[in-house]
Amino acid sequence: GENVEQHPSTLSVQEGDSAVIKCTYSDSASNYFPWYKQELGKRPQLIIDIRSNVGEKKDQRIAVTLNKTAKHFSLHITETQPEDSAVYFCASLSGSARQLTFGSGTQLTVLP
Amino acid sequence: DAGITQSPRHKVTETGTPVTLRCHQTENHRYMYWYRQDPGHGLRLIHYSYGVKDTDKGEVSDGYSVSRSKTEDFLLTLESATSSQTSVYFCAISGGQVNQPQHFGDGTRLSIL
């Protein structure tokens, strides 16, 4: 089945700096890649997603890039703020299965 | 927020007892999912449903069963709970096609002693 690896597992940045989280996937038929933000004790919330026919997508300070050839995708957060501190999860929808496979998460800490 | 209600929100029970968790949605979405979340493992799919009475297994389905008799309700049952099933359980829904965004409920924290 699909395998998703996420790096780094922890990331600390100064407020105002950029943060980048990277994920790789194994199934070349995967076609949908969402990113979720989860604050402590809360539910995961979708923050951005990208489909395989698009190379990049932006929403204000958040962007996601997809490299299908290399089978990796990344989350970019610019001008980080303390409220960006949370655990971020990437996920991949395998083309052969109807289910999302999640990465193990990245704990992002934005230092004031 | 997506109209998803999970119940109960917290439960403590003993090994060997049956447990049923409920997910109720008001969005009339086709797809419903049950995940468990454990430290270091992210979210892992237990079972999912693609319509009334249509369900399939996920990555970690052993020890769990599900039922969906109505569009709005998806039940997860632990027939005989074990301590390894202590976890936070999330329900998610998505509509239309399978590659639509999934939205999560608030979770159920289940402790099995």
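Residues numbered from 1 in each chain as written. Chains lettered and ligands numbered in written order. Predicted model: local features only at pLDDT ≥ 70, side-chain atom pairs only at ≥ 80, totals over all residues. Heavy atoms only, no water.

### Some points on the overall build of chain A
Thinking step 1. A tally of helices and strands in chain A yields zero helices and 11 strands.
Thinking step 2. For chain A, the sequential pattern of α-helices and β-strands runs β-β-β-β-β-β-β-β-β-β-β.
Thinking step 3. Since a compact globule built from 112 residues should have a radius of gyration of about 13 Å, the 13 Å found for chain A is in line with a globular shape.
Thinking step 4. Residue burial in chain A is summarised as follows: out of 112 residues, 46% are buried.
Thinking step 5. Look at the contacts in chain A between residues 6 or more apart in sequence, and 53% of them connect residues 24 or more apart.
Thinking step 6. Looking at chain A as shown, the accessible area adds up to about 5,400 Å², and 46% of this sits on carbon and sulfur atoms.
Thinking step 7. Positive and negative side-chain charges of chain A, numbering 11 and 12 respectively, have mean locations separated by a distance of 7 Å. (Helix = DSSP H or I, 4+ residues; strand = E, 2+ residues; numbered from the N terminus. Rg over C-alpha atoms; globule rule 2.2 N^0.38 Å. Buried < 20%, exposed > 50% of the residue type's maximum accessible area, 1.4 Å probe, protein only. Contact = heavy atoms within 4.5 Å. Areas by Shrake-Rupley, 256 points an atom, 1.4 Å probe, with all protein chains shown as cover. Lys, Arg positive; Asp, Glu negative; His and termini not counted. Charge placed at Lys NZ, Arg CZ, Asp CG, Glu CD.)

### Remarks on unusual backbone geometry
Thinking step 1. Across the junction of His7(A) and Pro8(A), the peptide omega takes the value -5°, indicating a cis bond.
Thinking step 2. With respect to the element layout, Pro8(A) can be found in the loop between strand E1 (4-7) and strand E2 (10-14).
Thinking step 3. The step from Ser7(B) to Pro8(B) runs through a cis peptide bond, and the omega angle for that step is -10°.
Thinking step 4. Tracing the chain through its elements places Pro8(B) in the loop between strand E1 (4-7) and strand E2 (10-13).
Thinking step 5. A positive phi is found at Glu79(A), a non-glycine position, where the angle reads about 50°.
Thinking step 6. Relative to the helices and strands, Glu79(A) resides in the loop between strand E8 (72-77) and strand E9 (86-93).
Thinking step 7. For Asn28(B), which is not glycine, the phi torsion reads 60° and is therefore positive.

### Examining the packing of aromatic side chains
Each pair of aromatic rings is reported with the distance of its centres and the angle of its planes.
Thinking step 1. Applying the stated criterion to the full structure yields 15 aromatic pairs over all chains.
Thinking step 2. An angle of 50° between the planes, with centres 4.9 Å apart, marks the rings of Phe33(A) and Phe73(A) as tilted. Taken together, the residues Phe33(A) in strand E4 (residues 32-38) and Phe73(A) in strand E8 connect sequence positions 40 residues apart. When sorted by exposure, Phe33(A) lands in the same class as Phe73(A), which is buried.
Thinking step 3. Among the aromatic residues, those joined into a ring-pair cluster are Tyr36(A), Phe102(A), Tyr31(B), Tyr33(B), Tyr35(B), Tyr48(B), Tyr50(B), Phe90(B) and Phe104(B). (Phe/Tyr/Trp six-rings, centres within 6.5 Å; stacked < 30°, edge-to-face > 60°.)

### Considerations on the interface of chain A and chain B
Thinking step 1. Across the boundary between the two partners, chain A contributes 19 residues, which contact 23 residues of chain B.
Thinking step 2. In total, chain A and chain B occlude about 1,800 Å² of area from one another, counting both sides; carbon and sulfur atoms represent 53% of this.
Thinking step 3. It is Arg43(A), Arg98(A) and Phe102(A) in chain A that bury the most area against chain B; as a group they hold 38% of the surface buried on that side.
Thinking step 4. Where chain A packs against chain B, one counts one salt bridge.
Thinking step 5. Note that Asp106(B) and Arg43(A) form a salt bridge whose closest N and O atoms lie 3.4 Å from each other.
Thinking step 6. For the pair chain A and chain B, the number of links is four residue pairs in polar contact (both at pLDDT 80 or more).
Thinking step 7. When contributions to the side of chain A that touches chain B are tallied by element, the ones reaching two or more residues are E4, strand E5 (45-51), E9 and strand E10 (100-102) of chain A.
Thinking step 8. Here the side of chain A that touches chain B takes four residues from E5(A), the largest share from any one element.
Thinking step 9. A breakdown of the residues in the side of chain A that touches chain B according to their chemical character gives eight nonpolar, six polar and five charged. (Buried area = accessible area lost by both parts, 1.4 Å probe. Salt bridge = Lys/Arg side-chain N within 4 Å of Asp/Glu carboxyl O. Polar contact = N/O pair within 3.5 Å; in protein donor to acceptor, adjacent residues only side chain to side chain. Nonpolar A, V, L, I, M, F, W, Y, C, P; charged D, E, K, R; others polar.)

Keep in mind that these numbers describe shape and distance, not what the molecule does.
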